[in-house]
Amino acid sequence: MKFTLKDYQDEAVAEVLDRLKKARKRWHEDKDSHAFSLTATTGAGKTVMAAAVFESLFYGNDDHEFEADPGAVVIWFSDDPSLNEQSKWRLFQAADKLTVSDLVTVENTFSRERFDPGKVYFLNTQKLGKKSLLVRGHDPDDEGLEKTDSGERLMPDLRSHTIWDTIQNTIEDPELTLYLVLDEAHRGMREGGNSGVQGKPTIVKQLINGTGAVPGIPIVWGISATVQRFNDAMQGMTGRSTLPNVEVDSKKVQDSGLIKDTIKLDVPDETGDFTTVLLRRGTERLRAMSKAWADYGADQGQGETVQPLMVLQVPNNPDPNDIGRWLDTIFETWPDLPLDCVANVLGEHRTELFGSHSVPYIEPERVQERDDVRILIAKDAISTGWDCPRAEVMVSFRAASDRTHITQLLGRMVRSPLARRIPGNDQLNAVDCLLPKFDKVAVEAVANAIMSGGDAEGDTPLTRVLIQPVDLLPNPAIPQVVWDKFVSLPSQSLPKKTARPVKRLTALAHELAQDSLLPDAGKAAHKALHKVLDGLRSDLAGDIAKARKDVITVEGKTLTADIASGGTSFDDFVEAADYAVIEDAYRRAGRIISPDLATSYSEHLAKQNDNAEDEEEALIDAHTDIAALGLIDAVKVRLEQAAEALANEWLSKYQAAIAKLSDKRQEAYREISELSAMPFDVRLAKPGSRLQPSKVLEGGQETDLPRFKSHLLCDDASLFPDLLNEWETKVQSVEMEIQGRVGWYRNPPRTSQDSLGIVYDYAGNTEIMRPDFLFFSEHGPEGIVVDIIDPHGEHLADSLPKLRGLADYTEKHGAHFGRIEAVAKVDGSYRVLDLKTADVRELVRRVTSAKEAYLDALSVVYGG
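Residues numbered from 1 in each chain as written. Predicted model: local features only at pLDDT ≥ 70, side-chain atom pairs only at ≥ 80, totals over all residues. Heavy atoms only, no water.

## Points about the overall build of the protein
Within the protein one finds 25 helices and 38 strands. Taking all 864 residues of the protein together, the buried fraction comes to 53%. Sequence-distant contacts, at least 24 apart, represent 72% of the contacts inside the protein between residues at least 6 apart. Approximately 38,800 Å² of the protein is accessible, and the part contributed by carbon and sulfur atoms is 49%. (Helix = DSSP H or I, 4+ residues; strand = E, 2+ residues; numbered from the N terminus. Buried < 20%, exposed > 50% of the residue type's maximum accessible area, 1.4 Å probe, protein only. Contact = heavy atoms within 4.5 Å. Areas by Shrake-Rupley, 256 points an atom, 1.4 Å probe, with all protein chains shown as cover.)

## Considering the pattern of salt bridges
For the coordinates displayed, the defined rule picks out 61 salt bridges. Two residues, aspartate 681 and lysine 812, come together in a salt bridge whose shortest N-O distance is 3.3 Å. On the criterion of sequence distance, the pair formed by aspartate 681 in strand S24 (residues 680-683) and lysine 812 in helix H23 (residues 799-813) is long-range, its members being 131 residues apart. Residues aspartate 808 and arginine 845 are paired through a salt bridge, measuring 2.8 Å at the closest nitrogen-oxygen approach. Of the two residues, aspartate 808 is situated in helix H23 and arginine 845 in helix H24 (residues 838-846); the sequence distance between them amounts to 37 residues. Arginine 845 gets classed as partly exposed once you look at its relative accessible area, which sits at 31%. Residues joined by salt bridges that share partners form a network here, namely Lys6, Glu667, Arg670, Glu671 and Glu674. (Salt bridge = Lys/Arg side-chain N within 4 Å of Asp/Glu carboxyl O.)

## Quick word on helix H12 (residues 480-488)
Listed in full, the buried residues belonging to H12 are Val482, Trp483 and Phe486. Seen from one end, H12 has its buried residues packed into an arc of 95°, which puts them on one side. Structurally, H12 contributes buried residues whose contacts are with strand S20 (470-474), strand S29 (713-714), strand S31 (741-746), strand S34 (773-778) and strand S35 (784-791). (Arc of directions from axis to C-beta.)

## Brief notes about the packing of helix H13 (residues 501-514) against helix H14 (residues 521-539)
As a packed pair, H13 and H14 sit with axes 7 Å apart at the nearest point and diverge in direction by 150°. With respect to their mutual orientation, H13 and H14 come out roughly antiparallel. Contacts between H13 and H14 involve Val502, Leu505, Thr506, Ala509, Leu512 and Ala513 on the former and, on the latter, Ala521, Gly522, Ala525, His526 and Leu529. Broken down by class, the residue content of the contact of H13 with H14 amounts to 8 nonpolar, 3 polar and no charged. (Axes fitted to C-alpha atoms, helices over the stretch in contact; angles between N-to-C directions. Parallel < 35°, antiparallel > 145°, perpendicular 65-115°, else oblique. Nonpolar A, V, L, I, M, F, W, Y, C, P; charged D, E, K, R; others polar.)

## So, the environment of arginine 26
Residue position: arginine 26 is located in helix H1 (residues 7-30). Once the C-alpha coordinates of arginine 26 and proline 218 are considered, the two residues, 192 residues apart in sequence, prove to be 9.7 Å apart. With near-sequence residues (within four places) excluded, arginine 26 lies in contact with Lys31, Asp32, His34 and Leu243. A polar side-chain atom of arginine 26 sits 3.5 Å from a polar atom in the side chain of histidine 34. (Polar contact = N/O pair within 3.5 Å; in protein donor to acceptor, adjacent residues only side chain to side chain.)

## Remarks on the nonpolar core
One finds Met49, Phe54, Trp76, Trp221 and Leu376 to be the most contacted residues of the largest nonpolar core, which totals 68 residues. Counting residues per element, this core draws most heavily on helix H2 (residues 46-59), which supplies 9 residues. (Core = buried A, V, L, I, M, F, W, Y, C linked by side-chain atoms within 4.5 Å.)

## Some thoughts on the packing of H13 against helix H21 (residues 663-673)
H21 packs onto H13 with a crossing angle of 165° between their chain directions and a minimal axis gap of 10 Å. Viewed along their axes, H13 and H21 adopt a mutual orientation that is roughly antiparallel. Remark: the crossing between H13 and H21 carries left-handed chirality. Here Arg504, Ala507, Leu508, Glu511, Leu512 and Gln514 of H13 lie close against H21, whose contacting residues are Arg665, Ala668, Tyr669, Ile672 and Ser673. A class-by-class count of the residues in the contact of H13 with H21 yields 6 nonpolar, 2 polar and 3 charged. (Left-handed = near helix turned anticlockwise from the far one by under 90°.)

## Details of unusual backbone geometry
Here the phi dihedral of glutamate 65 falls at roughly 50°; this positive angle occurs in a residue that is not glycine. Of note, glutamate 65 is situated in the loop between H2 and strand S2 (72-78). Within the chain, serine 718 stands out as a residue other than glycine whose phi angle is a positive 65°. Inspection of the secondary structure puts serine 718 in the loop between S29 and strand S30 (720-721). Residue class for serine 718 comes out partly exposed when judged on its relative accessible area of 35%.

## A look at the environment of lysine 730
Mapped onto the elements of the fold, lysine 730 is located in helix H22 (residues 726-736). Along the chain, lysine 730 and tyrosine 830 lie 100 residues apart, while their C-alpha atoms are 9.2 Å from each other. With residues near it in sequence (within four places) discarded, lysine 730 still touches Tyr830 and Tyr862.

## So, the packing of aromatic side chains
In this structure the tally under the stated criterion is 17 aromatic pairs. Arranged with centres 6.2 Å apart and planes meeting at 10°, the rings of phenylalanine 36 and tryptophan 221 form a pair that is stacked. Here tryptophan 221 lies in strand S8 (residues 219-224) and phenylalanine 36 lies in strand S1 (residues 33-39), a separation of 185 residues in the sequence. Given a relative accessible area of 2%, tryptophan 221 falls into the buried group. Consider the rings of phenylalanine 708 and tryptophan 744, whose centres lie 5.9 Å apart with planes at 85°: the pair is edge-to-face. With phenylalanine 708 in strand S28 (residues 707-708) and tryptophan 744 in strand S31, this pair connects stretches of sequence that are 36 residues apart. For tryptophan 744, a relative accessible area of 0% translates into the label buried. Chaining the aromatic ring pairs together yields one cluster made of Phe36, Phe54, Trp76, Phe122 and Trp221. Of note, lysine 31 hangs over the ring of tryptophan 27, and the distance from its end group to the ring centre comes to 4.4 Å. (Phe/Tyr/Trp six-rings, centres within 6.5 Å; stacked < 30°, edge-to-face > 60°. Lys NZ or Arg CZ within 6 Å of the ring centre and 35° of its normal.)

## A closer look at the side chain of aspartate 266
Of note, aspartate 266 is situated in strand S11 (residues 262-266). The exposure class assigned to aspartate 266 is buried, which follows from its relative accessible area of 2%. Once you skip the residues sitting within four places of it in the chain, aspartate 266 turns out to touch Leu278, Arg281, Arg285, Cys433, Leu434, Leu435 and Gln468.

## Side note on the sheet that holds S20
Consider a sheet: its strands pair through backbone hydrogen bonds, and that pairing is either parallel or antiparallel. Taken together, the 3 strands give an open sheet; going across it, the order is S25-S20-S29, and neighbouring strands pair in antiparallel fashion. Whereas interior strands pair on both sides, the edge strands pair on one side only; in this sheet they are strand S25 (690-692) and S29. Here 3 bridges tie S20 to S25, and the two strands are oriented antiparallel to one another. By the bridge assignment, aspartate 471 is partnered in S25 with leucine 691. (Pairing = 2+ DSSP bridges.)

Purely geometric numbers; function is a separate question.
See the structure below:
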């Protein structure tokens, strides 16, 4: 793969491969057909996951112990040819082993007896329609089909096979396995939906259930936005079992940074026609976003430039002159915009005349690559599967009654342009939506719909939908030494469930060498691991000798049947293993210690072998030794421990140098650090801006939020607006009264690099908490001292696990802080636990509830 998969993507790929392995086995052994789906929200990277699956299917996957299927044939099916082309391009971009010739669009000229293995064939509904040349000759009732004098069919263009013949021959070939991938599996499933005849099965159902003499495709994999869509699609299928669906957690998608963190909604404060006002505001936003991205690109270097565009969402039957006036307003507001930067994706598929503006049509899938398009005129959600990561501003002229159309289109605009979160910059992690036809009651409904996620569209629920927020910047009154202290604080990341330490080390070595931080890092990593394996060969010499004997011999039994007496007996035999047996054992060992390490270590051993007659014999001996190592469990454990330790040592050693690299390069190291089996420490990033609500909207009524002084981020009045609950208000008030305070920080309760995270164990799962407050004080010669103060309810199910996580964090990182304290209101009194005290840490590990800890004598009254 050209991309490193996110943790949730890798987990989903592993589950899909597991389903495909089972389905393939059951089809070839028992002719049982199966179906399942991969369901993931918008922006999860479903096509990238599919690319990883196809590479594994055709070439195998050592990480997931998946053997390649040499007879694998894939049909990728959707009801939209343009969507197919977009998916085909994305698969090619993501996979490094899939070539252009492996991704085949089935055109009308296609004619083969069967599909070729190792290829993905793209088909759509229209290609299998009744009038398509690909199917002419399949339907015996086709009146337009010519026949010979003897009654045999004459195929169009003298072709020898219809597409249905090709499908049937592929299914019936015992050397091949046909997989059907339904992209957006819900579409085209209604009877008569794309066949034109009510009561006749749709083309999709014919592929699934079979038609005439053509059997159903044995393995069906649906890719859909919601589980319900796939379940609905599979209703009425015959002779097919379902495997458990693979479902991607939408929160993991949000946390990954692949989609935007925030949607900003702007509406008029007054009643009236404010179309022009908000359109000007939207244009200014586009200009500001363009400058922000240009500045970011200049700071980060080549390859980090984004050209944002603005979507104008018009009603279904717009007045062309109205649109012309809207375009006039845009160009008056931003005169430097080129006049030819406007395009449309309207259903008429033609150049439109809007006032004095001639606006050409553009295919939706081409919008992202056309940087010259800065203004896009659209109506609804444009098309299923369409998305445009650089569409960052939308002005909708839809009425309040059309809010479904607005939320659907917004759902297509949430993908992050650089496929990662921009650290410390809320503005570049947000989408702007301006709604001149909405009032505050209507916009509240839009916000609620977005935050809950669209079940109908499978949109990712967003936790941050802000109505008219303010942009907060670093407080100029906060000295630089406070920020220096802030970025030095240790935060923790969630560990990876299926960690591969050796692969993590080699990936880190590649990045360090690429950035010239550690030349020949790859050689150094392998040299260190060779030393570990050499030590294991010495320490475990007896076990290895026994395992080597098992590798080079094949044991079996001979059954002898006495025909006269009817008796049987078994006799053991032992034969020397041949080269194929040894190589199979070597490959299996390579999956355990990693194929690259197995290769380099076999060369290392071969060079040391003075007893071999030639290089070939030395290499076979080395492969035998490595195969033996793979049979001993302790080898894997100790090797991975060493790889984990060396990777962590390098990450710590080069941490300062990595911090000076571009955000893109730092992101590569952050992803590698998070591949650890254990929580790994990462540095905080200084926030450059934060979008913060300044008002609360409920029932159409706005209320100003309280504003606080001395926050590290502030608005134009040097204040920080926030809605604090009773406990948080108490803590903020008490702490800021302490002598020497210079500032405080509201820790964002979401995944971002400017949010301090602390891991804890909850019911066997590693979770992450984000304490509410950091307080900064100046303590003379000590300099800046930081306190973590976290008010948290003692009645909640996760209260005690979080206290224990805070205790573990304090034990490891307490030296970075003056105080680390947890506060709770218990029986009407505020109590505090000082986690810097060893006895308190022991207390929270011993008690059975958080309340018991707060009522213990080691807890004291807070703020008294």
